[in-house]
Structures are given as C-alpha cells and as structure tokens.
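Chain by chain, the residues:
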Amino acid sequence: MTPRLAWRSPVSLRYALAVWWRNFAMYRRSWQLNILPNFFEPLLYLVSMGIGVGAYISEMGGTSYLAFLAPGLVAVAAMNGASFEVTYNAFIRLNFEKTYESMLTTPIQPEDVLAGEVLWAITRATIYGGAFLIVIAAWGLVAPLHALFAFPLVPLAGLLFAAIGIAFALRIPNIELFSFYFTLFLTPLFLFSDVFFPLKERLDPVWFPVAEALPLLHPVRLMRHAFRGELDLVLLWDLAYVLGLSAVLLWVATRVIRARLRG
Amino acid sequence: MIVRCEQVSKCFGEKLAVDALDLAVEKGQCYGLLGPNGAGKTTALKMIYGVTPPSAGRVLVFDQDITTHTREIRARLGVTLQENALIEALSPVENLRVFGRYHLLSPAEIERRIEQLLDFLELRSHAKLPVKALSGGFQRRLAIALSLMNGPELLILDEPTTGLDPAVRLALWNRVRELRRAGTTVLLTTHYMEEAERLCDGLVVMDQGRVVARGAPRALIHEVLAPETLELELPAGRHAAVLARLDGVRSLRSGAHLLLYAADATALLDTVRTSEPAAQLVAVRPTNLEDVFLALTGTKLEGGA
C-alpha cells in the first residue's frame, strides 16, 4: 500500500534529451542576443587585464600575464554559461512558467527534468567556453594540441556549476536570492580562484584547505595544466573534487526535485 | 475500465485534501469531478495521472497501477492543466513540436499530428505567431492541442473553460464531444454546472475532499431534488407557512427567495398561489446541478455559471 519506492524512476536519456530540446528550441530563437554579451565578457577581461594590466607585469606563473589569464577565463566562461541557465531560467521554469508541471503530464519524470536541465547547462557552458577557447587558440595563447586537451574540461566545469546552481535554485523560495548567489558566491570565486593571480602564493599555508574548497579553483587548475600540456598528481584531486561534488549535489537535487514536483 | 480509484486519499500535512475517493470511469465516457475551489478535484486528477502519490488507496489507469507504470500510462493519456503552461516566445507550431518530443514521437509523426490539430482546434490562422500575441481563447485551445499531441485514449481536462467567454466555451464543448465520438474517454473537473450537465454522462460532486453525490446529471437532479424548480419571492416570515402546507416538497430558502422543487412546478405554483396570493413568481425552470450542489452542501459554487 505504500508505493514510495516505486516513485523513484531511473533517468531516461531519451526523455532527458526531450527536456534538453525544449531549451534548445527556445535558445535557437534568441541565441544571437544571448551569445554576444556572454562571449564578449571574458574577452573584455582578457584584453583589459591581459594587455592593460599585463603591460606592468613582466611574468606570472612563468608566462606572460596574458597567457596566465587565458585558461582561467575559459573556465569562468564555462561557469557563467552554466550558471545563468540553472539559476534564473530554471527557477522561472519551475515556479512561474509551470514548464515542469506540463512536462510531468507526459511520460517525463522529475529525474529526467533534472538531467535535461543539467545537460542543457553543460551545453551552454560548452558553447561559451568552447567559443572563447577557439578565440584564444587563434590568438596563439594556447598550442592547438593543448587546446584539444583543454576542450573536454569546458563541459566538466559546466557540469560542476550546473550541479551547484540547480541545487541552489531548487531550494530557494525567492528569485531575489540569486543576487546573493551571483554577487557573494560566483564573483568571489571569479576573483580568488587562481584566475587573476596564483592564490596560494599570497596565502599563509594554514589557509590552503580553505582555498582548496573553492569550486572554481579546480577547473582553473585543470585548465592551466592542459594549456601548458603538463600532468601533475594534484589534477587527480581536482578531477575527484569536480566529479565528487557534482555527484553529491545532483543527488541532493534529485531528492529535492522529486519532492517539489510530486507534492 | 479506463480509470479506477479505490479508497484514494491524500493528506497534505494535517489537511485531508481527498478523502477515500472511489471512482470508476469506463471507456468512452465523459466523467466529471464537480465542486467548488478547494474541493480536492485537482489533487484527485494529479493522483490519477501520477504526479502526486496517494497517501492511501490505489489508482488504476488502463488497468495498471499508476505508481508502478507511470511512464506507460502517461504515454496513453493527455492532460490540460488548469493554468496554461505554454512557451510564450514560441509559436503554436513550435510549442506543439516541443510537446511531441516529450512523447518521443518521430519528426514525421509530429508534423502529421500538428497538421491535424491545427485544423481540429482552429489554430491555423495563428499557427506561426508567438504565443504571447494570442488571445486567451487561442492560448487555451493551444493548451488543449498540446494534450492531444500523443493521440491520447484518456483526456484529462482540469477546468478547461474557466475564464473563457461563452462562445469559446461552446466551441470547446463541441471539440470534446467530437473527441468522444472518436472514442476518447474524457475526465474533467469544472465548477460550471452547465458544463457538467451538457458534457458528462457521469459525475461525482465533491466538497472538502469528500464525494457528496454521484450519478448521471439528470438522475442526480431527480434523486436529490426534482426535475423542476419554482423560484418565488415572498417575505421570509411566510416561508414556514407555505412549506407547512406542502408536504414532502424539497425547498431552499435564501432571504426572501424561496426555491421549491417538484415534478410539475407549474401545478405547484397554483397550489401556492391559492394560499399565498402575494407570492411573486421569479421563474419556473428545470432544476440544475447548481441546485443539487446547493442542496447537498449548503454552499454556493464560486464562479458558477
């Protein structure tokens, strides 16, 4: 008589892709408007900081400042590409547009909705991060082969920030709270995660564990090593962090979306 | 049997939204859930299409348990939600395509269904405009078209005509009748009594989560009240005297308004007039479900026709 267990259904990739396709159909409509600001933002940082500030910096981390900035900004582009999708847009679909409610009148289940949204956020992260990576490669800031190593890290960074964003979006009661998410969470990550300077060189070692907790630090470190074509043991930790935190948050988000959509 | 609910209940915390609902909808029927806002109609529907798990009881759709066969069952039914959930930036055709994908239909099948539905719901003239430019009536028709994308055997309509003007409402009723002729089973909620009387072969009247009456609309009217209604206006102080002389006539009093229910309301009027010449005739009319609802629950239906 208690059918609780049966109410969990495994994710179906085909239905998740139907959810993905819904967002894609919307995006196709307005991508020209969307892509420009998202694309130019990291480019503006690269030019202003890399060329402007970089003129006063002889080298950082063994390279020109411009070359130091490039990998971090690719990770940031992926982070931003994923974040908007799973925060404001997902919140509106859940609470205002009743999109998920209407999906659940078809064979689509809450787990598929979540998977589709995350896949879509990864797609957008890949569009923005990937486009920026191509520009950087064309600029000559990364060797073509190393750019190939770096490319799969773009969706990986997207996955991490899709998981963080959706877990937050599903739990908050009020859309205004996203301004906290962007200003007090993503902006500090942007500023302190090895993008603009090597964080640990400026920190007392007692703070290292705190630094390692910053989510953006890990995609940036992976990206920087890929840009240089270097391997290091710490990358295993970075990979484990990204995959582990994503898995935990998606597990949480699955539980929340089930509860939210199956009231 | 298309839908069978066996002692289905739903609690939200302390609140019992649906209390031991029994329901049986047969193939080809149009079945109605009637009641005021908050009666538990929408919750009952949500348990039937498997989005809300029942707290107790069992829901079978197409003879399968909804909790274990959710995807299979939903592939064969369509739901029009109370609130339209349309993609406003896209056109009706694009909305229909997205919905076709939700059902994993092939692109060719999607285009074929869209062609049929644009005609069936008369959407063709506005097929390419963004949804946000469409009137409420058009948007409602599109919402219904979405729920028909998969050619459902069971169509669930949650207050399909609330907020629509009478012409659009009539047009939608005709679409529902046509679907039924084609063999679709329909389950709808409404608080328009007229809608239920015109469309439904069977219905349950719900109030505060409980079923207070069930049956075919006319049978229910005959059973609870009587086929005809005599509406009179008479000083409230005289009501008791009138009723005392009329043995076994069901009545309802509201201020100076006195409603009497009888098989022959005209004959009843003559009887009343002999002793109460001052009684003002308001109307002699067929008894409707609104009267039944009033008699059963003592409350009016909000927004009723």
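Residues numbered from 1 in each chain as written. Chains lettered and ligands numbered in written order. Predicted model: local features only at pLDDT ≥ 70, side-chain atom pairs only at ≥ 80, totals over all residues.

### Things to note about the nonpolar core
Looking at soluble globular proteins, one finds that nonpolar side chains tend to be buried together.
So, step 1. Counting 158 residues, the largest nonpolar core has A70, V74 and I166 of chain A together with I48 of chain B as its most contacted members.
So, step 2. For this core, the two domains that each supply at least three residues are domain 1 (3-215) and domain 2 (226-286) of chain B.
So, step 3. When near neighbours in sequence (up to four residues on either side) are disregarded, V74 of chain A contacts G129, F132, L133, I136, A150, V154 and M223 of chain A. (Core = buried A, V, L, I, M, F, W, Y, C linked by C-beta atoms within 7 Å. Buried ≥ 20, exposed ≤ 12 C-beta atoms within 10 Å, placed from the backbone. Domains from an automatic or database assignment. Contact = placed C-beta atoms within 7 Å.)

### A look at the pairing of strand β6 (residues 77-80) of chain B
Residue and element names in this part refer to chain B.
So, step 1. Side chains of β6 alternate between two faces, with L77 and V79 and G78 and T80 buried alike.
So, step 2. Looking at chain direction, β6 and strand β7 (residues 154-158) are connected through four bridges and run parallel. From the neighbouring strand, G78 faces β7, where its bridge partner is L155. (Helix = DSSP H or I, 4+ residues; strand = E, 2+ residues; numbered from the N terminus. Pairing = 2+ DSSP bridges.)

### Regarding the domain arrangement of chain B
So, step 1. We note that the domain assignment places domain 1 (3-215) and domain 2 (226-286) within chain B.
So, step 2. If you average the C-alpha positions of domain 1 of chain B and of domain 2 of chain B, the two centres end up 40 Å apart.

### Let's talk about the sheet that holds strand β13 (residues 257-262) of chain B
Residue and element names in this part refer to chain B.
So, step 1. Spatial ordering of the open sheet is given by β12-β13-β11-β14, a layout of four strands whose pairing is antiparallel. Looking at which strands have only one partner, the edges of the open sheet turn out to be β12 (250-254) and β14 (280-286). Looking at each pair of strands side by side, their axes are set apart by 15° on average, direction ignored.
So, step 2. Pairing of β12 with β13 involves five bridges; the strand directions are antiparallel. By the bridge assignment for β13, S251 is matched with L260.
So, step 3. Across the sheet, helix α10 (residues 265-275) is in contact with β11 (228-233), β13 and β14; its angle to β11 comes to roughly 30°. (Axes fitted to C-alpha atoms, helices over the stretch in contact; angles between N-to-C directions.)

### Focus on the packing of helix α1 (residues 13-52) of chain A against helix α2 (residues 65-95) of chain A
Residue and element names in this part refer to chain A.
So, step 1. It is at 10 Å that the axes of α1 and α2 come closest, and there the two elements cross at 160°. In terms of orientation, α1 and α2 fall into the roughly antiparallel class. Crossing hand, α1 versus α2: right-handed. Every residue of α2 that contacts α1 at N38, P42, Y45, L46, M49, G50 and I51 is listed here: Y65, L66, L69, A70, L73, V76, A77, N80 and G81.
So, step 2. Within the contact of α1 with α2, the residues separate by chemical class into 12 nonpolar, four polar and no charged. (Parallel < 35°, antiparallel > 145°, perpendicular 65-115°, else oblique. Left-handed = near helix turned anticlockwise from the far one by under 90°. Nonpolar A, V, L, I, M, F, W, Y, C, P; charged D, E, K, R; others polar.)

### Digging into α2 of chain A
So, step 1. Here α2 of chain A is 31 residues long and its end C-alpha atoms lie 44 Å apart, about the 45 Å a rise of 1.5 Å per residue gives.
So, step 2. The axis of α2 of chain A is deflected most strongly, by about 30°, at N89 of chain A. (Expected span 1.5 Å × (residues − 1). Bend = angle between axes of the 7 residues up to and from the residue.)

### Some points on the interface of chain B and chain A
So, step 1. Taken together, the contact pairs 25 residues of chain B with 26 residues of chain A.
So, step 2. Breaking the side of chain B that touches chain A down by element, the ones donating at least two residues are α2 (70-75) and α3 (92-102) of chain B.

### Here we look at helix α8 (residues 217-224) of chain B
Because an α-helix packs 3.6 residues into every turn, residues spaced three or four apart end up facing the same way.
Residues and elements named next belong to chain B.
So, step 1. Of all the positions in α8, only P217, L220, I221 and V224 are classed as buried. All buried residues of α8 project into a common sector of 100° when viewed along the axis, lining one side. More than 90 degrees from the buried face of α8, the exposed residues found are A219 and E223.
So, step 2. The elements touched by buried residues of α8 are α7 (193-199), β9 (202-207), β10 (210-215) and α11 (289-297). (Arc of directions from axis to C-beta.)

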